[in-house]
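Overview (structure and organization)
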Amino acid sequence: MHAALIIKATRLCNLRCTYCHDWRVGPGQTMSYAVVVAMTAKVLGDPLHDTIDFIWHGGEPTLLGRAFFEKAVHAQARLRRPGQAITNSFQTNATRIDDDWALFLGRNRFAVSISLDGPAFIHDAQRRHRSGRPSSDDVARGIECLQRHGIPLSALLVVDRQTLDLGPDLVFDFLVSHGITSFGLLAAKPVNTPDAEPCSHAEHYVRPGEMGRFLAGLFDRWVAHGDPRLRIREFDALLKRLLGRPAVTCVLAGHCFGSYFMIEPQGDVSHCDLFLGDPAFSLGNVVTATFAEFRSSPAMTAARRQNEGAVEAMRACKNFAICNGWCPHERYTAARHDPDYSQRCCGLGGLIDHVRAHISAPSPAAASGQTVG
């Protein structure tokens, strides 16, 4: 069984991104080594876990210093059971990356992903330092440092209103010119408001239909470009499903509950970081409970039951075999804020139909290779 831990090792951050609601200030926002050990022992000690992904997020994880991660890797080595496969991923804004960080990440085989919001005028409008200073030059230096040390990189690009206004053509031109060849794209999401009324307004919300149209335009450029070295996670994932292959991303797998866990600095555990702020998805604390208890908890049982009902309502959709109901959080947000939301369709259908039209002659990059995330 696969387990993925999305670890908010610190909520502190040196940037103040316009769409972000993950950062915090004040005490208690960094994970102690005692929590790291408890988390590692519990996840590696679970007899069902044979593959474990440690996904280090923030805040900004480099604020913890390399010694924190040296000890975390040491704990994994000491507590790993024979036959278990462990991966470590590192999501960073790259502003603090230097030669020492690059050497550490390479030596310990961390998968590194950079938060990068497009051309400098968009990136600097959305991702500024706490002081208000733009961050794109610092990010560029960090990327250059990692590339100089031969560290494989991917990038995650958040699509908010400014990116939609820029359009897929200019975004694609930026991607191919930046020297990074593996990308994922995330639609901006609002703060979770569990009691929000349907169709209520939300700031920083790119609706599934809007994101689908943007991605369709990007897909056309990607196919025309024809370079197998340029990989875009969303297109890889859909093409694999359309070719009858297993899902390679959680959003198309259809069974994320009980496999993905968010760990807060104090050890509090929830289902996935996307549901941050909704107590209905809180499962307990990793210091005092086990992953078996999280999987069987009342909150997890209720979440599974609700998800099964929502998925069942979409089963008649012609694209259901491809999307498996899509990401539960996409439905969660759309049900509250998207006037086009329908219980009979996950919202991904337009993009699936667009990609299906190209399936007879897919890009050379489509059928195989590594994806982001």
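It should be noted that the structure appears before, not after, this text.
Residues numbered from 1 in each chain as written. Predicted model: local features only at pLDDT ≥ 70, side-chain atom pairs only at ≥ 80, totals over all residues. Heavy atoms only, no water.

As for the overall build of the protein chain
Along the protein chain, the regular secondary structure elements total 14 helices and ten strands. Taken over the C-alpha trace, the protein chain has a radius of gyration of 20 Å; the compact-globule value for 373 residues is 21 Å, and the two agree within 12%. Over its C-alpha atoms, taken along the principal directions, the protein chain stretches across nearly 50 × 45 × 40 Å. In the protein chain, which comprises 373 residues, the proportion classed as buried is 53%. Expressed as a percentage of contacts within the protein chain between residues at least 6 apart in sequence, the contacts between residues at least 24 apart total 74%. (Helix = DSSP H or I, 4+ residues; strand = E, 2+ residues; numbered from the N terminus. Rg over C-alpha atoms; globule rule 2.2 N^0.38 Å. Buried < 20%, exposed > 50% of the residue type's maximum accessible area, 1.4 Å probe, protein only. Contact = heavy atoms within 4.5 Å.)

So, helix α5 (residues 136–148)
The periodicity of an α-helix, 3.6 residues per turn, causes residues three or four positions apart to be oriented the same way. In this model α5 runs 18 Å from its N-terminal to its C-terminal C-alpha over 13 residues, within 8% of the 18 Å that 1.5 Å per residue would give. Where α5 is concerned, the buried positions are S136, D138, V139, G142, I143, C145 and L146. Of the residues flanking the end of α5, it is G150, one or two places downstream, whose phi is positive at about 75 degrees. (Expected span 1.5 Å × (residues − 1).)

Quick notes on the side chain of S270
Positionally, S270 belongs in strand β9 (residues 268–270). Discounting chain neighbours no more than four positions away, the residues touching S270 are Y260, F261, M262, F281, S282 and L283.

Regarding the pairing of strand β5 (residues 153–159)
With seven of its seven residues buried, β5 lies for the most part within the structure. What you see with β5 is no split at all: L153, A155, L157 and V159 on one side and S154, L156 and V158 on the other are buried throughout. Sheet analysis places strand β4 (residues 111–115) next to β5, joined by four bridges and oriented parallel. Considered in β5, the bridge of S113 is made with S154. Of the pairings in the sheet, the one linking β5 to strand β6 (residues 182–187) comprises five bridges and is parallel in character. Its bridge partner lying in β6, V159 is registered against A187. (Pairing = 2+ DSSP bridges.)

Things to note about the sheet that holds β6
The ten strands lie next to each other as β7-β6-β5-β4-β3-β2-β1-β8-β9-β10, forming an open sheet whose pairing is mixed. Where the open sheet ends on each side, the last strands, each with one partner, are β7 (231–232) and β10 (282–285). Most of the contacts of helix α2 (residues 66–79) go to strand β2 (residues 51–57), to which it runs at about 170 degrees, and overall it touches β2 and β3 (85–92). (Axes fitted to C-alpha atoms, helices over the stretch in contact; angles between N-to-C directions.)

Focus: the layout of surface pockets
Counted as a void, the second largest pocket has a volume near 320 Å³. Along the wall of the second largest pocket there are 19 residues; nearest its centre are Q306, A310, P328, R331 and Y332. Mapped onto the lining of the second largest pocket, the elements with two or more residues apiece are α11 (298–313) and α13 (328–337). (1 Å grid on protein atoms, 1.4 Å probe; cavity = no way out; pocket = protein on both sides within 12 Å on 5 of 7 lines; lining within 4 Å. Points joined across faces, edges and corners; volume = space filled by probe spheres on them.)

A short note on the pattern of salt bridges
Considering all chains together, one arrives at 23 salt bridges under this definition. The closest approach of N and O atoms between D100 and R66, which form a salt bridge, is 3.7 Å. Here D100, found in helix α3 (residues 99–107), pairs with R66, found in helix α2; they are 34 residues apart in sequence, far enough to count as distant. A residue is classified by how much of its surface remains accessible, and D100, at 42% relative accessible area, is partly exposed. (Salt bridge = Lys/Arg side-chain N within 4 Å of Asp/Glu carboxyl O.)

A look at the packing of helix α8 (residues 208–225) against helix α9 (residues 233–242)
Following both chains from N to C, one finds α8 and α9 inclined at 85 degrees, their axes separated by 10 Å at the closest point. With respect to α9, the axis of α8 lies roughly perpendicular. In this structure, α8 contributes L215, L218, F219 and W222 to the contact, and α9 contributes E234, F235, D236 and L239. (Parallel < 35°, antiparallel > 145°, perpendicular 65-115°, else oblique.)

With respect to α9
Counting buried positions over the ten residues of α9 gives ten, a clear majority of the element. For α9, the set of buried residues is R233, E234, F235, D236, A237, L238, L239, K240, R241 and L242. Considering only its buried residues, α9 is in contact with β5, β6, α8, β7, α12 (320–323) and α14 (349–356). G244 sits one or two residues past α9 and shows a positive phi near 85 degrees.

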